[in-house]
Amino acid sequence: MLRSVISLLSMLVLSIPVIPAERALAQDNSNVQLIAPGDPAMAKAHEKSIGELDGFLEKLRNPPAGTENYSLKLGFKDKDKSVVLTTDQMAPDVEFMWVYQIEASGDHFTALLGDKPEYIHNIKQGDRVAFGKSDIFDWLYTENGKIKGNYTACPLLLAGPKEQLDQYREIYGIVCD
């Protein structure tokens, strides 16, 4: 089950880090999707996600039948020998990644890092991360096989080929304004 969650997340290009363009282009990594810091479409997607976060957290605490794969997107930045979390889209060297197997206690959470970091060096896939509600950048879960949330995928899909957007809309139920 866990492998299918990670595979689903990877297939959907859900790891959307925000990193300096010159650094990403120099390494020419096709797995990393680049969104410029401060991108208005990403800012709008983040705002929409945060506006609906309380509803997501309610479902996370009491999952309705037919829902699964609850995940959150966090922004990571190396600091000394550890990482710090940020939702600041203008901050340099931030990599946004998904966490899963979320455990909640009020507005405090722990979860496992589901993505393999490309640019952040002080954390690895599978590490347990502690964070607060204010650190959450985006969220998603599946309901009867269709994705709910994941608003930050839309800026990438809208900038890409129309066929890809249509395919994701049909298969995964992703809705982009």
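Further up the page is the structure itself.
Not measured: the values here are computed from a predicted model.

How each quantity is defined
- Residues numbered from 1 in each chain as written.
- Predicted model: local features only at pLDDT ≥ 70, side-chain atom pairs only at ≥ 80, totals over all residues.
- Heavy atoms only, no water.
- Helix = DSSP H or I, 4+ residues; strand = E, 2+ residues; numbered from the N terminus.
- Buried < 20%, exposed > 50% of the residue type's maximum accessible area, 1.4 Å probe, protein only.
- Contact = heavy atoms within 4.5 Å.
- Areas by Shrake-Rupley, 256 points an atom, 1.4 Å probe, with all protein chains shown as cover.
- Salt bridge = Lys/Arg side-chain N within 4 Å of Asp/Glu carboxyl O.
- Core = buried A, V, L, I, M, F, W, Y, C linked by side-chain atoms within 4.5 Å.
- Pairing = 2+ DSSP bridges.
- Expected span 1.5 Å × (residues − 1).
- Arc of directions from axis to C-beta.
- Polar contact = N/O pair within 3.5 Å; in protein donor to acceptor, adjacent residues only side chain to side chain.

A short note on the overall build of the protein chain
Helix and strand content of the protein chain: six helices and seven strands. Going residue by residue from the N terminus, the α and β elements of the protein chain occur as α-α-α-α-β-β-β-β-β-β-β-α-α. Per-residue burial for the protein chain yields a buried fraction of 44% across its 177 residues. Residue pairs at least 24 apart in sequence account for 59% of intrachain contacts in the protein chain once pairs closer than 6 positions are excluded. Looking at the protein chain as shown, the accessible area adds up to about 9,100 Å², and 51% of this sits on carbon and sulfur atoms.

Describing the pattern of salt bridges
Taken as a whole and judged by the stated rule, the model has four salt bridges. The closest approach of N and O atoms between arginine 128 and glutamate 103, which form a salt bridge, is 4.0 Å. Pair noted here: arginine 128 is in strand E5 (residues 128–132) and glutamate 103 is in strand E3 (residues 95–105), with a separation of 25 residues, a long-range link. Note that lysine 162 is salt-bridged to aspartate 166, the shortest N-O span being 2.8 Å. A residue pair is termed a helical-turn pair when its members lie 3 or 4 positions apart in one helix, as lysine 162 and aspartate 166 do in helix H6 (residues 162–172) at four residues. Using a relative accessible area of 27% as the deciding quantity, one classes aspartate 166 as partly exposed.

Looking at the nonpolar core
Most often, soluble globular proteins have nonpolar side chains that are buried together. One finds Phe56, Leu72, Phe76, Val99 and Phe131 to be the most contacted residues of the largest nonpolar core, which totals 23 residues. When residues of this core are traced back to their parent elements, those giving at least two are helix H4 (53–61), strand E1 (67–79), E3, strand E4 (108–113), E5 and strand E6 (136–143). For leucine 72, the residues in contact, after removing those within four places along its chain, are Phe56, Met97, Trp98, Val99, Ile102, Phe131, Ile136, Asp138 and Trp139. Ranked by size, the runner-up nonpolar core spans 11 residues in total, among them Trp98, Ala153, Tyr172 and Cys176.

Quick look at the pairing of E3
Sheet topology note: the E1/E3 ladder contains six bridges and is antiparallel. Note on E3: the bridge partner recorded for leucine 74 is methionine 97. Relative to E4, E3 is paired through five bridges, and the arrangement is antiparallel. Each residue of the ladder has a partner; that of alanine 104, found in E4, is phenylalanine 109. Once E3 ends, the chain turns through two residues before running back antiparallel as E4, passing glycine 106 with a positive phi of about 65°.

So, helix H3 (residues 40–51)
Compared with an ideal rise of 1.5 Å per residue, which puts 12 residues at 16 Å, H3 spans 16 Å between its outermost C-alpha atoms and is within 8% of the ideal. Residues of H3 that are buried include every one of Met42, Ala45, His46 and Ser49, and no others. With its buried residues spanning 100° around the axis, H3 presents them on a single face. Every exposed residue of H3 that faces more than 90 degrees away from the buried side is listed here: Pro40, Lys44, Glu47 and Gly51. Contact partners of the buried residues in H3: H4, E6 and helix H5 (154–159). Capping the start of H3, aspartate 39 holds a side-chain oxygen 3.2 Å from the backbone nitrogen of alanine 41, two or three residues further along.

Quick notes on the environment of alanine 91
Topologically, alanine 91 is positioned in the loop between strand E2 (82–85) and E3. Considered as a pair, alanine 91 and glycine 75 are 16 residues apart in the sequence and their alpha carbons are 9.8 Å apart.

Points about the side chain of threonine 152
Tracing the backbone through its elements, the reader meets threonine 152 in the loop between strand E7 (146–149) and H5. Among the polar contacts made by the side chain of threonine 152, one reaches the side chain of aspartate 138 at a distance of 2.6 Å.

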